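The lines below spell out each chain.
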Amino acid sequence: MERYDELADRYVELPNQGRAVDGYGYSPEAWRIFPRYNVVAAILEQVERLDPDRLPKFSGLVDALAEAADTAQSPFTQPASNEVATKAMAEERRLFQSTLQGWVTRGGLRVTPLAYRRVLTPAESAERQEQLQQRWGLVGRSWHPMLAEPTPPDALVVTEASMWDEQGLAQVRAALLEMSGGRVTELREYGADYLVDVEMFAPRYTGAEGVWSDDALTWIAFASHEGTVAFGGQLAAALEAEWGDLDRWRWSA
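Please read these numbers as outputs of a predicted model, since none were measured by experiment. (Residues numbered from 1 in each chain as written. Predicted model: local features only at pLDDT ≥ 70, side-chain atom pairs only at ≥ 80, totals over all residues. Heavy atoms only, no water.)

1. What to know about the overall build of the protein chain
Piece 1. Counting its regular elements, the protein chain contains 9 helices and 7 strands.
Piece 2. Each of the 253 residues in the protein chain was classed as buried or not, and the buried ones make up 41%.
Piece 3. For the protein chain, long-range pairs separated by at least 24 residues make up 63% of all intrachain contacts whose partners lie at least 6 apart in sequence.
Piece 4. If you sum the accessible surface of the protein chain, you get close to 14100 Å²; carbon and sulfur atoms cover 52% of it. (Helix = DSSP H or I, 4+ residues; strand = E, 2+ residues; numbered from the N terminus. Buried < 20%, exposed > 50% of the residue type's maximum accessible area, 1.4 Å probe, protein only. Contact = heavy atoms within 4.5 Å. Areas by Shrake-Rupley, 256 points an atom, 1.4 Å probe, with all protein chains shown as cover.)

2. Some points on the side chain of R118
Piece 1. Mapped onto the elements of the fold, R118 is located in strand β1 (residues 117-119).
Piece 2. We classify R118 as buried; its relative accessible area is 11%.
Piece 3. A polar contact is formed between the side chain of R118 and the side chain of Y116, at a distance of 2.8 Å.
Piece 4. Aside from chain neighbours lying at most four places away, what touches R118 is E48, R49, L50, D51, P52, E124, D193, Y194 and L195. (Polar contact = N/O pair within 3.5 Å; in protein donor to acceptor, adjacent residues only side chain to side chain.)

3. Thoughts on the sheet that holds strand β6 (residues 219-223)
Piece 1. Strands sit in the order β1-β4-β3-β5-β6-β7-β2 across an open sheet of 7 strands; the sheet is antiparallel. Strand pairing shows two members of the sheet lacking a second neighbour, β1 and β2 (156-159), which therefore form its edges. Adjacent strand axes in the sheet meet at a mean angle of 20 degrees when their direction is disregarded.
Piece 2. Where strand β3 (residues 183-188) meets strand β5 (residues 210-213), 4 bridges bridge the pair, whose relative direction is antiparallel. Among the inter-strand pairings, T185 is bridged to a residue of β5, identified as S213. (Pairing = 2+ DSSP bridges. Axes fitted to C-alpha atoms, helices over the stretch in contact; angles between N-to-C directions.)

4. Some details on the packing of aromatic side chains
Piece 1. As enumerated under the stated definition, the model contains 4 aromatic pairs in all.
Piece 2. Ring geometry for W31 against F34: centres 5.0 Å apart, planes inclined by 40 degrees, an arrangement best described as tilted.
Piece 3. We classify F34 as buried; its relative accessible area is 10%.
Piece 4. Within the aromatic cluster, the residues linked to one another by ring pairs are F201, W212 and W219.
Piece 5. Above the face of the Y194 ring, R117 is positioned so that its terminal group lies 3.9 Å from the ring centre.
Piece 6. R135 extends its terminal NZ or CZ atom over the ring of W136, reaching a point 3.9 Å from the ring centre. (Phe/Tyr/Trp six-rings, centres within 6.5 Å; stacked < 30°, edge-to-face > 60°. Lys NZ or Arg CZ within 6 Å of the ring centre and 35° of its normal.)

5. Some points on helix α8 (residues 166-179)
Piece 1. Counted at 1.5 Å a residue, the expected span for α8 with its 14 residues is 20 Å, and the 20 Å between its end C-alpha atoms agrees.
Piece 2. For α8, the set of buried residues is G168, L169, V172, A175 and L176. Along the axis of α8, the buried residues cluster in a sector spanning 120 degrees; they form a single face. Seen from the buried face of α8, the exposed residues on the opposite side, beyond 90 degrees, are E166, Q167, L177 and E178.
Piece 3. Tucked inside the fold, the buried residues of α8 contact α7 (161-164), β3, β6, β7 (228-233) and α9 (234-242).
Piece 4. Taking the backbone nitrogen of Q167 as reference, a side-chain oxygen 3.1 Å away marks D165 as the first, capping residue of α8. (Expected span 1.5 Å × (residues − 1). Arc of directions from axis to C-beta.)

These figures come from the coordinates and say nothing about function on their own.
See below:
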C-alpha cells in the first residue's frame, strides 16, 4: 500500500533534534507518525482476508473495506495509554474512510489488477502445516538446516543474501513458472499466513521464519533466522540445473 510506504519513509526520516522523549524513547512527533503505519498494516491484513477471486458485489465490498478501516487491530495498534498515538491512529482510520468514500462517489474508477495475495484461514494454515510435516518432515514451522538430523543431500541450501538479490529471486520465480506456475502457500513463524501468486513468492527471513510450498507438495522452501534459505524437491532440482551462478550463493555449515 502506498500509504504504508509513505508513512514508513516519514518515520525513518524523523529527526530527534533534542525533542523530549517518553519512557519508550519516542518523541511526540514520532508518536504522531509510526502508529499510523501500524494501523495501515492492520487494515491491509484484514482487507487481504477477502478472496480476490470471490469478492462480494460492489456495495458489499465497500462495506467490508469500511469495516476494516473501523475495526482492524493488531498488537501494535493498542499502545499503552498514549493519547497522541491514539489520536493519530483514529485520524488514519478516518483518512482511509475518506479515501474509500472518494472512490465510491467518483464513479468510473479504473484500477490495475494486482497479483493474487490472500490471508489464509486458521484451518487452511493448520492443514498445510500438517501436510508439510507428513511429506517433508517439517518440525513446527522449521526445516533444514535448522533441524537436528542431517540435511538431505538433494536439498539445496543457499545464503539468505541470494534472495535479496534481484537476479537470484528472479531465478527462483522463473524456475517455478517453468515447472507449473500456480500459487504458493506461505506459512510464517508468527503473523498472518498467505496464498500468493508466483510473482509474489519471496522466500526471505523478515524477522519471522517462513516455509513455502505448492498445493501438490512437490517442493518446499524454508527461510531461517540463521541466514539460510533451503529448497527441497522439484524446485531444488530445477535450481541446481538452471541457476548459472548458483555456486556463488551456496551455503556451507
